[in-house]
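Summary of structural features
Chain by chain, the residues run as shown.
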Amino acid sequence: MNSSRHDDLVTALRQAARGLASRRSIRDLEETLGQIVTSAVATIPGVDAGSISITHHGRIETRHPTTETIGKLDRTQSELNEGPCISAIEDPPEDGIVIARDLAGGDARRWPRFAPLAVEAGYRALMSTQLSANGGPRAALNLYSAGADAFDEHARTLAGLFGIQAAVLLYGADTAHHLQRAVDSRDLIGQAKGILMERFSLDDEAAFQMLVKSSQDTNMKLTDVARWLTSETGKRSVRLGTERER
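The present account deals with the structure reproduced in this document. Everything numeric here is computed off the predicted structure, so don't read it as measured data.

Considering the overall build of the protein chain
- Secondary structure assignment for the protein chain yields 8 helices and 5 strands.
- Along the protein chain, helices and strands appear, N-terminal first, in the series α-α-β-β-α-α-β-α-β-β-α-α-α.
- Among the 246 residues that make up the protein chain, the fraction classed as buried is 40%.

Observations concerning the pattern of salt bridges
- Taken as a whole, this structure holds 10 salt bridges when the rule is applied.
- Here Arg-110 and Asp-107 are joined by a salt bridge, their closest N and O atoms 3.1 Å apart.
- Since its relative accessible area comes to 11%, Asp-107 is described here as buried.

A closer look at the sheet that holds strand 3 (residues 97-100)
- The strand order across the open sheet formed by 5 strands is 2-1-5-4-3, and the pairing between neighbours is antiparallel. Each end of this open sheet is capped by a strand with a single partner; those strands are strand 2 (59-63) and strand 3. If you compare each strand with its neighbour and ignore which way they point, the axes differ by 20 degrees on average.

Rules behind the numbers
- Residues numbered from 1 in each chain as written.
- Predicted model: local features only at pLDDT ≥ 70, side-chain atom pairs only at ≥ 80, totals over all residues.
- Heavy atoms only, no water.
- Helix = DSSP H or I, 4+ residues; strand = E, 2+ residues; numbered from the N terminus.
- Buried < 20%, exposed > 50% of the residue type's maximum accessible area, 1.4 Å probe, protein only.
- Salt bridge = Lys/Arg side-chain N within 4 Å of Asp/Glu carboxyl O.
- Pairing = 2+ DSSP bridges.
- Axes fitted to C-alpha atoms, helices over the stretch in contact; angles between N-to-C directions.

Shown next as structure tokens:
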């Protein structure tokens, strides 16, 4: 690697790392994922376009495709359940990188339905890197090339580095999401206990046991019982306020 290319890589990775450290919202997450795709396409030799594929409610969706055509090719892989990005997500090799060197040549047999569609769209090679950390969302960074045999070992290494950046981001965002849900649930249950304590002159433990008993008797989740109780109390307060105004 020449010094100019080395400097470009270091700069791109540092910028991505700074982005990871400063993100605080879902909007920021999406912006950073987009920056990772853009940086990978600009930095990795042989890459002409890119995207991220991610599982969402059982479906594989495309995120941040650099062109409309790439978005269509990603969606096609999802619809066919076939292609390098599907292989990287569903059945990745040990290093997590799946490479189609020539979709008009030998690799056409590996993905017989997807390969001719990719070639027709102008792309002969595709490298997909698994982004999934243990327990995080399943995803892949997809890098397309118009030319066959476009990805050498150097390109493969760089794709792995960018993949690590994106995997850490996705894992962190997913963990933060679950932690926030836990905090929200705790707050919701606390509100519901407060309502019961006031209404029935109960202490904290008795109010909680009342919620648990209601959950068991109705076969509803504890948080759903708490949500219903706080919602109904809010509606009743609004109705009483309206009646007083009359």
